[in-house]
Amino acid sequence: MFRGISSINLDAKGRIAVPTRYREELQDCCERQMVVTVAVNDKCVGEAGCLWLYPLPEWEKLEQTISKLPTLNKMAGKLRRFVIGHATECEMDAQGRLLIPEKLREYAGMDKQLFLVGQLNKFEIWSDAAWQAKEQEWLDGSDTEGLEELGSLSF
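Rules of the game
- Numbers given for residues are sequential positions, taken from 1 along each chain in its written order.
- The model is predicted, so local features are restricted to residues of pLDDT at least 70 and side-chain atom pairs to those at 80 or more, both for listing and for counting; the totals for chains, interfaces and linings are taken over all residues.
- To get the side-chain values, take all heavy atoms of the structure and skip hydrogens and water.
- Patch criteria: residues need more than 30% relative accessible area and no salt bridge. Like-charged residues are merged within 9 Å; nonpolar side chains of Val, Leu, Ile, Met, Phe, Trp and Tyr are merged within 5 Å.
- Here the open area of atoms and residues is found with the Shrake-Rupley method and a 1.4 Å probe, where only the protein chains shown may cover a residue.
- Think of a salt bridge as a Lys or Arg side-chain nitrogen and an Asp or Glu carboxyl oxygen that are within 4 Å of each other.
- We treat Lys and Arg as the positive residues and Asp and Glu as the negative residues; His and chain ends play no part in the count.
- By convention, charge coordinates are those of NZ in Lys, CZ in Arg, CG in Asp, or CD in Glu.
- Helix numbering and strand numbering both begin at the N terminus, where a helix is a DSSP run of H or I of at least 4 residues and a strand a DSSP run of E of at least 2.
- Every axis in this analysis is a line fitted to C-alpha atoms, fitted for helices over the stretch in contact. Angles between the N-to-C directions lie between 0 and 180 degrees.
- Oblique is the label for any angle not covered by the other classes, which are roughly parallel (under 35 degrees), roughly antiparallel (over 145) and roughly perpendicular (65 to 115).
- Left-handed describes a crossing whose near helix is turned anticlockwise from the far helix by less than a right angle; the clockwise case is right-handed.
- Two residues form a contact once any of their heavy atoms are found within 4.5 Å.
- In this scheme, a residue with accessible area under 20% of its type's maximum is buried, one over 50% is exposed, and one in between is partly exposed, where area comes from a 1.4 Å probe on protein chains only.
- Following DSSP output, two strands are said to pair if at least two bridges run between them.

### Structural notes on a negative patch on the surface
Together, Asp-143, Glu-145, Glu-148 and Glu-149 make up a negatively charged patch on the protein surface. Structurally, Asp-143 can be placed in the segment after helix H5 (128–140).

### Details of the packing of helix H2 (residues 56–67) against helix H3 (residues 74–84)
In contact at an axis separation of 11 Å, H2 and H3 are set at 155 degrees when each is read in the N-to-C sense. As judged from the angle between their axes, H2 and H3 are roughly antiparallel. As H2 packs across H3, the resulting crossing turns out to be left-handed. Listed contacts from H3 to Trp-59, Glu-63 and Ile-66 of H2 are Leu-79, Arg-80, Val-83 and Ile-84.

### Concerning the environment of Arg-80
Along the chain, Arg-80 falls in helix H3. Between the C-alpha atom of Arg-80 and that of Val-18, which follows or precedes it by 62 residues, the distance is 27 Å. Beyond its immediate stretch of four places on either side in the chain, Arg-80 contacts Ile-66, Leu-69, Pro-70, Thr-71 and Gly-85.

### Looking at the pairing of strand E8 (residues 123–127)
Burial analysis of E8 places five of its five residues in the buried class, which makes it a mostly covered element. A two-sided burial pattern is seen for E8, the buried positions comprising Phe-123, Ile-125 and Ser-127 on one face and Glu-124 and Trp-126 on the other. Pairing between strand E4 (residues 46–55) and E8: four bridges, direction antiparallel. By the bridge assignment for E8, Leu-51 is matched with Ile-125. In terms of strand pairing, strand E7 (residues 113–118) meets E8 through five bridges, oriented antiparallel. Residue pairing in the sheet places Leu-116 in a bridge with Ile-125 of E8. What sits between E7 and E8 in their antiparallel hairpin is a turn of four residues, with Leu-120 showing a positive phi close to 70 degrees.

### Description of the pattern of salt bridges
In total, this model carries seven salt bridges according to the counting rule given. With a closest N to O distance of 3.0 Å, Lys-134 and Glu-47 form a salt bridge. With Lys-134 in helix H5 and Glu-47 in strand E4, the pair connects residues that are 87 residues apart, well separated along the chain. Looking at Lys-134, the relative accessible area reads 13%, which means it is buried. Linking Lys-134 and Glu-137 is a salt bridge whose minimum nitrogen-to-oxygen distance equals 3.5 Å.

Structure below.
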């Protein structure tokens, strides 16, 4: 399980260095084989400034789930085209670096400063500007959609 937030850098070649604390787990769970793709929100719209990074076994579970969606469902088709269509396999090298494809970096508006956010079974990779904007949106607290379903959750 991946948790926590790390400030990371994108190097001149388009690589990120995965924080040391995750490297052994990624070696064990997926032999450093990962998949990066665009992130989408609850409306299947691209999440500006964000990419998803999955260990290969977790990605394969997601692919199986998506493959079972109705072929003629408009939203399912959009999800397949967007998330599966942009998916790119990448391998973490011996130094813990991953190459983020140029098309995905451009899509997410990524430059040097990024944030890697653990999301249990995957990571989110955020551009600095998008993360700051999204964090402020969450702090504003005006969006209560889905709050009722969390009613029994206790911390």
